[in-house]
Amino acid sequence: MSATPPVRIALSRRGYPGLDDAPLPEGAELVLPDEGAPTDDAALRALAADCDGLVVSTPDRVDAELFDAAPRLKVVALVAVGFDNVDLDEARRRGIVVTHTPGVLADATADLAFSLILMARRLLVPALDTTRAGEWGAFDPQAFLGLQVAGATLGIVGYGDIGSAVGRRGAGFGMTVLQHSRSPRPEDGIAEAVGLDELLERSDVVSLNVPRTPETAGLIGARELDLLGPRGTLVSTARGGVVDEDALLAALREGRIHSAGLDVFATEPLTDAASPLLHEPRLVCLPHIGSASVETRTAMTRMALRNVTAVLSGDDAPNVVPPLRG
Ligand code: DGY
(Lines give C-alpha, C1' and ligand atoms only; values in the text may rest on other atoms or scores of the structure.)
Protein backbone atom coordinates (compact mmCIF):
# COMPACT_ATOMS: atom_id res chain seq x y z
CA MET A 1 0.00 0.00 0.00
CA SER A 2 1.50 3.37 -0.99
CA ALA A 3 1.88 6.04 1.73
CA THR A 4 -0.23 9.23 1.44
CA PRO A 5 1.98 11.96 -0.06
CA PRO A 6 2.64 14.91 2.27
CA VAL A 7 0.55 18.03 1.82
CA ARG A 8 2.54 20.58 -0.21
CA ILE A 9 2.04 24.31 0.03
CA ALA A 10 3.77 26.63 -2.43
CA LEU A 11 4.54 30.24 -1.52
CA SER A 12 5.07 32.60 -4.45
CA ARG A 13 7.68 34.64 -2.56
CA ARG A 14 10.39 34.12 -0.01
CA GLY A 15 10.44 36.25 3.12
CA TYR A 16 6.82 36.51 4.23
CA PRO A 17 7.17 37.95 7.76
CA GLY A 18 5.78 35.61 10.41
CA LEU A 19 6.12 32.47 8.30
CA ASP A 20 8.28 30.71 10.91
CA ASP A 21 5.47 30.36 13.42
CA ALA A 22 2.47 30.47 11.07
CA PRO A 23 -0.11 27.67 11.44
CA LEU A 24 0.46 24.74 9.04
CA PRO A 25 -1.22 21.40 8.47
CA GLU A 26 0.52 18.48 10.20
CA GLY A 27 3.57 17.32 8.21
CA ALA A 28 3.10 19.94 5.46
CA GLU A 29 5.99 20.66 3.11
CA LEU A 30 6.58 24.26 2.10
CA VAL A 31 7.72 24.92 -1.45
CA LEU A 32 9.56 28.22 -1.88
CA PRO A 33 11.17 29.80 -4.93
CA ASP A 34 14.95 29.71 -4.97
CA GLU A 35 16.74 32.85 -3.84
CA GLY A 36 16.71 35.35 -6.74
CA ALA A 37 14.50 33.11 -8.94
CA PRO A 38 12.08 34.80 -11.36
CA THR A 39 8.59 35.51 -10.05
CA ASP A 40 6.76 35.54 -13.39
CA ASP A 41 3.73 33.49 -14.47
CA ALA A 42 5.81 30.55 -15.74
CA ALA A 43 7.79 30.40 -12.50
CA LEU A 44 4.56 30.38 -10.47
CA ARG A 45 3.15 27.56 -12.59
CA ALA A 46 6.29 25.47 -12.05
CA LEU A 47 6.29 26.19 -8.32
CA ALA A 48 2.64 25.25 -7.82
CA ALA A 49 2.72 22.16 -10.07
CA ASP A 50 2.54 19.45 -7.40
CA CYS A 51 1.03 21.51 -4.63
CA ASP A 52 -2.25 21.33 -2.73
CA GLY A 53 -2.16 24.91 -1.48
CA LEU A 54 -0.75 28.11 -2.94
CA VAL A 55 0.04 31.38 -1.14
CA VAL A 56 0.26 34.42 -3.42
CA SER A 57 0.57 38.19 -3.35
CA THR A 58 -1.02 40.97 -5.40
CA PRO A 59 1.37 40.84 -8.41
CA ASP A 60 0.85 37.09 -8.96
CA ARG A 61 -1.64 36.25 -11.70
CA VAL A 62 -3.88 33.34 -10.75
CA ASP A 63 -5.79 32.12 -13.80
CA ALA A 64 -6.88 29.05 -15.77
CA GLU A 65 -3.36 28.43 -17.06
CA LEU A 66 -2.03 28.26 -13.53
CA PHE A 67 -4.86 25.95 -12.45
CA ASP A 68 -4.14 23.69 -15.45
CA ALA A 69 -0.52 23.44 -14.35
CA ALA A 70 -1.45 22.64 -10.74
CA PRO A 71 -4.14 19.92 -10.83
CA ARG A 72 -3.82 19.13 -7.08
CA LEU A 73 -4.61 22.68 -6.02
CA LYS A 74 -7.44 23.00 -3.48
CA VAL A 75 -6.83 26.46 -2.07
CA VAL A 76 -5.26 29.76 -3.14
CA ALA A 77 -4.60 32.06 -0.20
CA LEU A 78 -3.89 35.69 -0.98
CA VAL A 79 -1.61 37.62 1.33
CA ALA A 80 -3.67 40.66 0.36
CA VAL A 81 -7.20 41.94 0.77
CA GLY A 82 -7.67 42.82 -2.93
CA PHE A 83 -8.29 39.86 -5.25
CA ASP A 84 -8.49 41.40 -8.72
CA ASN A 85 -5.46 39.29 -9.76
CA VAL A 86 -7.44 36.05 -9.38
CA ASP A 87 -9.88 34.57 -11.89
CA LEU A 88 -12.57 33.78 -9.34
CA ASP A 89 -15.04 32.27 -11.81
CA GLU A 90 -12.42 29.81 -12.99
CA ALA A 91 -11.49 28.93 -9.39
CA ARG A 92 -15.15 28.36 -8.47
CA ARG A 93 -15.68 26.24 -11.56
CA ARG A 94 -12.84 23.97 -10.46
CA GLY A 95 -13.83 23.93 -6.78
CA ILE A 96 -10.69 25.77 -5.68
CA VAL A 97 -11.22 27.90 -2.57
CA VAL A 98 -9.79 31.44 -2.74
CA THR A 99 -9.14 33.33 0.49
CA HIS A 100 -7.80 36.80 1.36
CA THR A 101 -6.78 38.86 4.40
CA PRO A 102 -9.48 41.41 5.22
CA GLY A 103 -9.33 43.73 8.24
CA VAL A 104 -5.73 43.22 9.33
CA LEU A 105 -4.23 45.70 6.88
CA ALA A 106 -6.70 48.55 7.35
CA ASP A 107 -4.57 50.53 9.79
CA ALA A 108 -1.30 50.15 7.89
CA THR A 109 -2.95 51.17 4.62
CA ALA A 110 -4.79 54.07 6.24
CA ASP A 111 -1.49 55.25 7.78
CA LEU A 112 0.00 55.21 4.29
CA ALA A 113 -2.96 57.06 2.76
CA PHE A 114 -2.53 59.72 5.40
CA SER A 115 1.22 59.88 4.75
CA LEU A 116 0.43 60.53 1.07
CA ILE A 117 -2.04 63.24 2.04
CA LEU A 118 0.53 65.02 4.22
CA MET A 119 3.37 64.54 1.73
CA ALA A 120 1.35 65.80 -1.22
CA ARG A 121 -0.49 68.67 0.40
CA ARG A 122 2.52 70.05 2.30
CA LEU A 123 4.93 69.54 -0.65
CA LEU A 124 7.21 67.38 1.51
CA VAL A 125 8.95 65.54 -1.35
CA PRO A 126 10.43 68.67 -3.01
CA ALA A 127 11.22 70.04 0.46
CA LEU A 128 13.14 66.87 1.37
CA ASP A 129 14.91 66.74 -2.01
CA THR A 130 16.02 70.35 -1.59
CA THR A 131 17.29 69.81 1.96
CA ARG A 132 19.15 66.63 1.01
CA ALA A 133 20.78 68.41 -1.93
CA GLY A 134 22.18 71.05 0.45
CA GLU A 135 20.06 73.69 -1.30
CA TRP A 136 18.18 75.06 1.71
CA GLY A 137 18.51 78.73 0.83
CA ALA A 138 17.66 81.99 2.56
CA PHE A 139 14.17 82.13 4.06
CA ASP A 140 11.57 82.62 1.36
CA PRO A 141 7.99 83.08 2.57
CA GLN A 142 6.77 81.39 -0.63
CA ALA A 143 9.02 78.32 -0.44
CA PHE A 144 7.24 74.98 -0.06
CA LEU A 145 4.02 76.74 0.72
CA GLY A 146 1.53 73.88 0.89
CA LEU A 147 -2.10 73.68 1.88
CA GLN A 148 -3.28 72.79 5.36
CA VAL A 149 -4.60 69.34 6.21
CA ALA A 150 -6.05 70.13 9.65
CA GLY A 151 -9.53 71.54 9.33
CA ALA A 152 -9.90 70.67 5.62
CA THR A 153 -12.66 68.45 4.22
CA LEU A 154 -11.72 64.84 3.51
CA GLY A 155 -13.77 62.77 1.05
CA ILE A 156 -13.35 59.00 1.14
CA VAL A 157 -14.43 56.96 -1.87
CA GLY A 158 -14.98 53.37 -0.72
CA TYR A 159 -15.81 53.36 2.98
CA GLY A 160 -14.95 49.79 3.98
CA ASP A 161 -12.35 48.71 6.56
CA ILE A 162 -9.57 50.81 5.04
CA GLY A 163 -11.71 53.81 4.08
CA SER A 164 -13.21 54.07 7.56
CA ALA A 165 -9.72 53.83 9.10
CA VAL A 166 -8.72 56.79 6.90
CA GLY A 167 -11.87 58.56 8.15
CA ARG A 168 -10.86 58.09 11.80
CA ARG A 169 -7.47 59.61 11.06
CA GLY A 170 -9.15 62.54 9.31
CA ALA A 171 -11.40 63.14 12.30
CA GLY A 172 -8.28 63.16 14.49
CA PHE A 173 -6.89 65.93 12.30
CA GLY A 174 -10.04 67.97 12.82
CA MET A 175 -11.22 67.35 9.26
CA THR A 176 -14.82 67.25 8.10
CA VAL A 177 -15.22 63.74 6.69
CA LEU A 178 -17.45 62.70 3.79
CA GLN A 179 -17.84 59.19 2.40
CA HIS A 180 -19.18 57.61 -0.74
CA SER A 181 -19.65 53.90 -1.35
CA ARG A 182 -21.64 52.06 -3.97
CA SER A 183 -23.30 49.95 -1.28
CA PRO A 184 -24.63 52.06 1.59
CA ARG A 185 -22.56 51.83 4.80
CA PRO A 186 -24.01 52.36 8.26
CA GLU A 187 -23.51 55.88 9.66
CA ASP A 188 -20.54 55.82 12.05
CA GLY A 189 -20.77 59.34 13.45
CA ILE A 190 -17.57 60.31 11.59
CA ALA A 191 -18.39 60.52 7.90
CA GLU A 192 -21.43 61.98 6.17
CA ALA A 193 -22.59 59.79 3.25
CA VAL A 194 -22.96 61.73 -0.04
CA GLY A 195 -22.97 61.10 -3.78
CA LEU A 196 -19.67 60.96 -5.64
CA ASP A 197 -20.03 64.32 -7.40
CA GLU A 198 -21.01 66.07 -4.18
CA LEU A 199 -18.06 64.46 -2.39
CA LEU A 200 -15.65 65.69 -5.07
CA GLU A 201 -17.10 69.22 -5.07
CA ARG A 202 -17.05 69.60 -1.29
CA SER A 203 -13.71 67.92 -0.54
CA ASP A 204 -10.23 69.45 -0.26
CA VAL A 205 -8.68 66.00 -0.05
CA VAL A 206 -10.00 62.80 -1.63
CA SER A 207 -8.79 59.33 -0.66
CA LEU A 208 -9.62 56.39 -2.94
CA ASN A 209 -10.21 53.11 -1.13
CA VAL A 210 -12.35 51.10 -3.53
CA PRO A 211 -11.47 47.65 -4.92
CA ARG A 212 -10.64 47.37 -8.61
CA THR A 213 -13.78 46.12 -10.37
CA PRO A 214 -15.28 46.78 -13.81
CA GLU A 215 -17.36 49.55 -12.13
CA THR A 216 -14.39 51.32 -10.51
CA ALA A 217 -12.05 51.16 -13.55
CA GLY A 218 -11.48 54.76 -14.67
CA LEU A 219 -13.71 56.07 -11.86
CA ILE A 220 -11.63 59.24 -11.56
CA GLY A 221 -10.93 61.04 -14.83
CA ALA A 222 -10.73 64.64 -16.06
CA ARG A 223 -14.32 65.49 -15.17
CA GLU A 224 -14.00 64.22 -11.60
CA LEU A 225 -10.66 65.98 -11.10
CA ASP A 226 -12.26 69.24 -12.20
CA LEU A 227 -14.98 68.76 -9.61
CA LEU A 228 -12.23 68.42 -6.97
CA GLY A 229 -10.68 71.64 -8.22
CA PRO A 230 -7.45 73.65 -7.96
CA ARG A 231 -7.10 73.40 -4.17
CA GLY A 232 -7.77 69.67 -4.16
CA THR A 233 -5.49 66.74 -3.37
CA LEU A 234 -6.19 63.20 -4.60
CA VAL A 235 -4.56 60.14 -3.04
CA SER A 236 -5.00 56.49 -3.94
CA THR A 237 -4.03 53.37 -2.03
CA ALA A 238 -6.73 51.42 -3.90
CA ARG A 239 -5.69 49.82 -7.18
CA GLY A 240 -4.14 51.03 -10.40
CA GLY A 241 -6.68 51.85 -13.08
CA VAL A 242 -9.19 53.47 -10.72
CA VAL A 243 -7.56 56.82 -11.60
CA ASP A 244 -6.95 57.78 -15.23
CA GLU A 245 -3.23 58.54 -14.93
CA ASP A 246 -3.08 60.69 -18.10
CA ALA A 247 -5.98 62.80 -16.88
CA LEU A 248 -4.28 63.14 -13.49
CA LEU A 249 -1.00 64.29 -15.04
CA ALA A 250 -2.83 66.84 -17.20
CA ALA A 251 -4.78 68.18 -14.21
CA LEU A 252 -1.58 68.56 -12.16
CA ARG A 253 0.35 70.25 -14.99
CA GLU A 254 -2.48 72.67 -15.70
CA GLY A 255 -3.00 73.48 -12.01
CA ARG A 256 -6.56 72.13 -12.15
CA ILE A 257 -5.84 70.21 -8.94
CA HIS A 258 -3.24 71.05 -6.30
CA SER A 259 -1.44 67.76 -5.70
CA ALA A 260 -1.73 63.97 -5.64
CA GLY A 261 -0.25 60.83 -4.15
CA LEU A 262 -0.35 57.33 -5.61
CA ASP A 263 0.72 54.04 -4.06
CA VAL A 264 -0.86 52.05 -6.89
CA PHE A 265 -0.47 52.26 -10.66
CA ALA A 266 -2.02 50.93 -13.85
CA THR A 267 1.31 49.19 -14.55
CA GLU A 268 3.24 47.73 -11.64
CA PRO A 269 6.07 47.67 -10.91
CA LEU A 270 6.69 51.13 -12.33
CA THR A 271 10.25 50.61 -13.51
CA ASP A 272 10.50 53.19 -16.30
CA ALA A 273 12.60 55.92 -14.70
CA ALA A 274 11.52 58.23 -17.53
CA SER A 275 7.81 57.83 -16.74
CA PRO A 276 6.21 61.29 -16.50
CA LEU A 277 4.48 60.09 -13.33
CA LEU A 278 7.86 60.05 -11.58
CA HIS A 279 8.76 63.58 -12.65
CA GLU A 280 5.63 65.50 -11.80
CA PRO A 281 6.63 67.76 -8.88
CA ARG A 282 3.25 67.66 -7.17
CA LEU A 283 2.71 63.92 -7.52
CA VAL A 284 4.06 61.65 -4.79
CA CYS A 285 4.66 58.09 -6.02
CA LEU A 286 5.22 55.10 -3.73
CA PRO A 287 5.81 51.42 -4.71
CA HIS A 288 2.53 49.80 -3.53
CA ILE A 289 3.49 49.57 0.14
CA GLY A 290 0.13 50.14 1.84
CA SER A 291 0.38 47.00 3.99
CA ALA A 292 4.17 47.09 4.44
CA SER A 293 4.56 47.18 8.21
CA VAL A 294 6.08 44.26 10.14
CA GLU A 295 2.99 43.92 12.31
CA THR A 296 0.56 43.92 9.40
CA ARG A 297 2.49 41.67 7.04
CA THR A 298 2.99 39.19 9.91
CA ALA A 299 -0.74 39.17 10.61
CA MET A 300 -1.48 38.76 6.88
CA THR A 301 0.88 35.78 6.55
CA ARG A 302 -0.62 34.08 9.58
CA MET A 303 -4.14 34.67 8.29
CA ALA A 304 -3.28 33.28 4.85
CA LEU A 305 -1.72 30.14 6.33
CA ARG A 306 -4.69 29.69 8.68
CA ASN A 307 -6.93 29.68 5.62
CA VAL A 308 -4.75 27.15 3.79
CA THR A 309 -4.62 24.92 6.85
CA ALA A 310 -8.39 25.02 7.28
CA VAL A 311 -9.09 24.00 3.68
CA LEU A 312 -6.43 21.28 3.58
CA SER A 313 -7.76 19.90 6.88
CA GLY A 314 -11.27 19.68 5.45
CA ASP A 315 -12.64 22.69 7.39
CA ASP A 316 -14.28 25.90 6.19
CA ALA A 317 -11.76 28.66 5.50
CA PRO A 318 -12.41 31.71 7.71
CA ASN A 319 -11.68 34.30 4.99
CA VAL A 320 -13.10 33.16 1.66
CA VAL A 321 -13.27 36.11 -0.76
CA PRO A 322 -16.75 37.65 -0.79
CA PRO A 323 -18.75 38.64 -3.87
CA LEU A 324 -17.47 42.00 -5.18
CA ARG A 325 -19.08 45.29 -4.14
CA GLY A 326 -17.89 48.85 -4.77
C1 DGY B 1 -3.89 44.43 -0.70
O2 DGY B 1 -3.86 43.70 0.30
O3 DGY B 1 -4.78 44.32 -1.53
C4 DGY B 1 -2.82 45.42 -0.82
O5 DGY B 1 -2.96 46.23 -1.92
C6 DGY B 1 -1.49 44.73 -0.82
O7 DGY B 1 -1.33 44.13 -2.03
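Note that this is a predicted model, so its numbers are computed, not measured. (Residues numbered from 1 in each chain as written. Predicted model: local features only at pLDDT ≥ 70, side-chain atom pairs only at ≥ 80, totals over all residues. Heavy atoms only, no water.)

## Describing unusual backbone geometry
Heads up, the rule is: Helix numbers and strand numbers start at the N terminus; a helix is a DSSP run of H or I with at least 4 residues, a strand a run of E with at least 2. Throughout this description, buried means an accessible area under 20% of the type-specific maximum (1.4 Å probe, protein chains only), exposed means over 50%, and partly exposed covers the range between.
Put simply, Glu268 and Pro269 share a cis peptide bond, and its omega is -5 degrees. Residue placement: Pro269 occurs in the loop between strand S11 (259–262) and strand S12 (283–285). At Leu123, a position not held by glycine, the phi torsion is positive, near 55 degrees. Within the secondary structure layout, Leu123 lies in the loop between helix H4 (106–121) and helix H5 (124–132). When its relative accessible area of 9% is taken as the criterion, Leu123 is described as buried. A positive phi is found at Phe144, a non-glycine position, where the angle reads about 50 degrees. Tracing the sequence through the fold places Phe144 in the loop between H5 and strand S6 (153–157).

## Quick look at the environment of Leu312
Let me state the cut-off plainly: Contacts were defined at the residue level, with two residues in contact if any of their heavy atoms lie within 4.5 Å.
Checked against the element boundaries, Leu312 lands in helix H10 (residues 294–312). Look at Leu312 and you get buried, because its relative accessible area is 18%. Considering only alpha carbons, one finds Leu312 and Ala28, 284 residues apart in sequence, at a separation of 9.8 Å. Here Leu312 is in contact with Val7, Ile9, Pro25, Asp52, Gly53, Lys74 and Val75, once residues within four sequence places are set aside.

## A word on the site of the ligand
Definition in use: In this text, near means that some heavy atom of the residue lies within 4 Å of the molecule or strand in question. What qualifies as a polar contact is a pair of N or O atoms within 3.5 Å, subject to a donor-acceptor requirement within protein and to the restriction that residues adjacent in sequence count only when both atoms come from side chains. Using the Shrake-Rupley algorithm and a 1.4 Å probe, accessible areas are obtained, with residue cover drawn only from the displayed protein chains. For this scheme, ten residues count as nonpolar: Ala, Val, Leu, Ile, Met, Phe, Trp, Tyr, Cys and Pro. Four count as charged, namely Asp, Glu, Lys and Arg, and the remainder, Gly too, count as polar.
Around the ligand, the neighbouring residues are Thr58, Ala80, Val81, Gly82, Leu105, Arg239, His288 and Ser291. A distance of 2.4 Å separates an oxygen atom of the ligand from a polar side-chain atom of Thr58. Measuring from an oxygen atom of the ligand, one finds a side-chain N or O atom of His288 at 2.7 Å. Contact with the protein chains removes 87% of the 230 Å² of surface that the ligand exposes when unbound. Across the shell around the ligand, the residue classes tally to three nonpolar, four polar and one charged.

## Quick look at helix H6 (residues 161–172)
As a reminder, the rule being used: Multiply 1.5 Å by the residue count of a helix minus one, and that product is the helix's expected span.
Taking 1.5 Å of rise per residue, 12 residues should cover 16 Å, and H6 covers 17 Å from first to last C-alpha, within 8% of that figure. Looking at H6, one finds that the buried residues are Ile162, Gly163, Ser164, Ala165, Val166, Gly167, Arg169 and Gly170. Where H6 is buried, its residues touch H4, S6, strand S7 (176–180) and strand S9 (205–208).

## Let's talk about the nonpolar core
Our working definition: Residue types Ala, Val, Leu, Ile, Met, Phe, Trp, Tyr and Cys, when buried and joined through side-chain atoms within 4.5 Å, form a set referred to as a nonpolar core. All the domain ranges listed were derived from an automatic or database domain assignment.
Core analysis: the biggest nonpolar cluster contains 40 residues, and Val55, Phe114, Ile117, Leu154, Val166, Met175 and Val308 have the highest contact counts within it. For this core, the elements supplying multiple residues, two or more each, are strand S1 (8–11), strand S4 (75–78), H4, S6, H6 and H10. Examining the composition of this core, we find that eight residues originate from one element, H4, more than from any other. Of the domains in this structure, domain 1 (8–104 + 294–312) and domain 2 (106–285) are the two that each give at least three residues to this core. Look past the residues within four positions of Met175 in its chain and what remains in contact with it is Phe114, Val149, Gly151, Ala152, Thr153, Leu154, Gly170 and Val205. By size, the runner-up hydrophobic cluster in this structure holds 27 residues, among which are Val194, Ala238, Ala247 and Ile257.

Remember, this is a structural readout, not a statement about activity or role.
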